[in-house]
Amino acid sequence: MNFSRRVLDTPPYLFHLIDEKRKAVQEKGIDVISLAIGDPDRPTPDFVLDIMAREMRDPRNHGYPSYKGEPDFCDAVARWFHDRFEVELDPRSEIMAVIGAKDAVSHLPFVFLDPGDSAIVTDPGYPVYEASIGFTGGKVVRVPLSEDRGFLPDLDAIDPRAADEAKIMFVNYPNNPTAAVADETFFEKLVAFAKKHGLVILADNAYSEVYFEEEDRPISIMKIPGAKETSIEIHSFSKTFNMTGWRIGFVTGGKQLIDAFLTLKSNFDSGVFMAIQRTAARALEHSKAKAFNKERTALFKKRRDRIASALEGMGFKFQLPRASYYFWVHTPPSYASSVVFCADLLEKKGLVVTPGVGYGPSGENFFRISMTSPDERIEQGMERLRDFMKER
Ligand code: PLP
């Protein structure tokens, strides 16, 4: 078969590989517990389902949607953005609907990169950043995230020539996989860095609503003066409303940037099912949305604290997650590789966690635990991990 270099040179998707391994162990009759993927175990809330039940029966929602997003969807996003982030966005020119954040992340590099162009990513990071840059024929420049800097990139340490050459830089706070958060000062520096080096920041804010303390409440890069000209911010409904399977999100940015993305996307896909857009729009402003968010935060905070105390008891080293669904944990020093650690854990205890190196070379010697499984499965998972550590 004559597959393209693009496909031949791209490694299989991390979670697809993990899924294959999980299935192979399951086929041996072992009850596998997966704490690998960030897919909430709880259903989409009833108030959202009730809206969808009506919207999907409305024949006005059954045709092709507008490429940019339905006006009422963009209006609702603009109002929510004002309420949540104190940022004014023009719903007609500065907001666009996407088929989940992954749609934006995987296609935005095509807006900026020609073959041979370079793009900066933080390492470790969501694997789709590197893959999509690779698909454009672009070159990846990795900037390491270290624990002692709170997993924020050291912008001053980036080679100025590499920064000048780069066309885009992906950042993601709240961060997957490290669970770190970034404050306004960091985003101010980032916008100044983008202006200085003439690059565009692609700020992935998919976890903007998943945080534990008010002091860590994520902000929007759009709040920083000059950000609309230098940045596109990516948002998702997946994690906010347990809607991973629905496939809806949006991007924000200045008109020029959004128009360029629209040129690409209108040729690639035909937008998001209108019933889903209208449901998502109403969910954002629904009277039950804030209470739901509070309940979800309480659930994950409880899980976070239980997992933290279990891991501490086993002697693991980690920072307490401040946002997102993840624990980013050092592998025991006796393991030279995170892949070997995770494979051993799956083989011996039927427990799936993800190897840190899957998120980039700086993720080696870490593994990621996701909190998105039912409480009893998490408890059982922690017991298996405890047994594994004792029996080693
Ligand atoms: N960005 C990050 C950092 C993620 O972790 C994920 C999913 O896990 C996504 C984007 C994709 O989100 P969506 O479901 O909206 O495509």
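If you're wondering where the values come from, they're calculated on a predicted model, not measured in any experiment.

Q: Explain the site of the ligand to me, please; I cannot follow it from the model alone.
A: The ligand sits among 14 residues. The nearest are D204, Y207, S236, S238 and R247. Here N176 contributes a side-chain N or O atom positioned 2.8 Å from an oxygen atom of the ligand. The separation between an oxygen atom of the ligand and a polar side-chain atom of Y207 is 2.7 Å. Contact with the protein chains removes 92% of the 400 Å² of surface that the ligand exposes when unbound. Among the residues making up the shell around the ligand, the classes are represented as 5 nonpolar, 5 polar and 4 charged.

Q: Before we go on, may I ask you to explain the sheet that holds strand β11 (residues 354-355) in this structure?
A: Whenever strands of a sheet pair, they do so through backbone hydrogen bonds, lying parallel or antiparallel. Taken in spatial order, the 3 strands make up an open sheet running β9-β12-β11, and their pairing is antiparallel. One side of each edge strand has no neighbouring strand; the edge strands of this open sheet are β9 (326-330) and β11. Direction of pairing for β11 relative to strand β12 (residues 366-370): antiparallel, over a ladder of 2 bridges. Bridging from a neighbouring strand, T354 pairs with R368 of β12.

Q: Sorry, what's going on with unusual backbone geometry here?
A: Most peptide bonds are trans, and most residues other than glycine sit at a negative phi. For the peptide bond that leads from D123 to P124, omega is 10°, which places it in the cis range. Relative to the helices and strands, P124 is located in the loop between β3 (118-123) and α6 (128-136). Going from N176 to P177, the amide bond is cis rather than trans, its omega being 15°. A positive phi angle, near 55°, is found at F151, a position not held by glycine. Along the chain, the position of F151 falls in the loop between β4 (139-144) and α7 (160-165). Judged by its relative accessible area of 5%, F151 is buried. One non-glycine residue, N365, adopts positive backbone phi at about 75°.

Q: Looking at this structure, I do not really get the nonpolar core. What am I missing?
A: When a protein is soluble and globular, its nonpolar side chains tend to lie buried together. Counting 69 residues, the largest nonpolar core has F73, M169, I221 and F241 as its most contacted members. Element by element, the count of residues in this core is highest for helix α4 (residues 71-85), at 8 residues. A domain-level breakdown of this core finds at least three residues from each of domain 1 (5-42 + 290-391) and domain 2 (46-284). If we ignore the near neighbours within four places in the chain, the residues touching F241 are T44, P45, F47, V48, A283, L284, A289 and F292. With 59 residues, the next largest nonpolar core counts L35, F300, L345 and L385 among its residues.

Q: What am I meant to see in the domain arrangement of the chain here?
A: By a widespread convention, an interface's size corresponds to the accessible area lost as its parts come together. Domain boundaries in the chain define domain 1 (5-42 + 290-391) and domain 2 (46-284). Between the C-alpha centres of domain 1 and domain 2 there is a distance of 25 Å. At the interface, 35 residues of domain 1 touch 34 residues of domain 2. Between domain 1 and domain 2, the buried area comes to about 3100 Å², and carbon and sulfur atoms account for 56% of it. Across the domain 1-domain 2 interface, the total number found is 4 salt bridges. For the interface between domain 1 and domain 2, the tally reads 19 residue pairs in polar contact (both at pLDDT 80 or more). Broken down by secondary-structure element, the contributors of at least two residues to the side of domain 1 that touches domain 2 are α12 (289-313), β9 and β12. Ranked by residues supplied to the side of domain 1 that touches domain 2, first place goes to α12 with 8 residues. Along the lines of polarity and charge, the residues of the side of domain 1 that touches domain 2 split into 15 nonpolar, 11 polar and 9 charged.

Q: Can you help me understand the sheet that holds β4 in this one?
A: The strand order across the open sheet formed by 7 strands is β2-β8-β7-β6-β5-β3-β4, and the pairing between neighbours is mixed. Each of the sheet's edge strands pairs with one partner strand only, and the pair in question is β2 (95-98) and β4. For this sheet, the mean inter-axis angle between neighbouring strands, taken without regard to orientation, is 20°. Pairing geometry for strand β5 (residues 166-171) and strand β6 (residues 200-204), over 4 bridges, is parallel. By the bridge assignment, F170 is partnered in β6 with L202. Lying over the sheet, helix α5 (residues 101-112) contacts β2, β5, β6, β7 (231-236) and β8 (249-253), oriented at roughly 160° with respect to β7.

About the cut-offs
- In this numbering scheme, every chain counts its residues from 1 along its sequence in written order.
- Reporting of local features is limited, given that this is a predicted model, to residues whose pLDDT is at least 70; pairs of side-chain atoms are given and counted only at 80 or more, and all residues count toward the totals for whole chains, interfaces and linings.
- Each side-chain value is worked out from all heavy atoms of the structure, with water and hydrogens disregarded.
- If a single non-hydrogen atom of a residue is within 4 Å of a molecule or strand, that residue counts as near it.
- Counted as a polar contact is a pair of N or O atoms within 3.5 Å, where, for protein atoms, one must be capable of donating a hydrogen and the other of accepting one, and residues adjacent in sequence contribute only when both atoms are in side chains.
- Shrake-Rupley sampling with a 1.4 Å probe provides the accessible areas, and residues are treated as covered by the protein chains on show and by no other component.
- Classification used: nonpolar for Ala, Val, Leu, Ile, Met, Phe, Trp, Tyr, Cys and Pro, charged for Asp, Glu, Lys and Arg, polar for all others including Gly.
- For two strands to count as paired, DSSP must find a minimum of two bridges between them.
- A run of H or I in DSSP counts as a helix once it spans at least four residues, and a run of E counts as a strand once it spans at least two, with each numbered from the N terminus.
- Burial here depends on accessible area, computed with a 1.4 Å probe over protein chains only, as a share of the maximum for the residue type. Under 20% is buried, over 50% is exposed, and the range in between is partly exposed.
- Definition of nonpolar core: a set of buried residues of the types Ala, Val, Leu, Ile, Met, Phe, Trp, Tyr and Cys, connected through side-chain atoms within 4.5 Å.
- Here the limits of each domain have been adopted from an automatic or database domain assignment.
- By the convention used here, residues are in contact when the closest approach between their heavy atoms is within 4.5 Å.
- Summed over both partners, buried area is the accessible surface (1.4 Å probe) that two parts give up on being assembled.
- In what follows, salt bridge is the name for a side-chain nitrogen of Lys or Arg lying within 4 Å of a carboxyl oxygen of Asp or Glu.
- Where helices are involved, their axes are fitted lines through C-alpha atoms of the stretch in contact, as for all axes, and angles between N-to-C directions lie from 0 to 180°.

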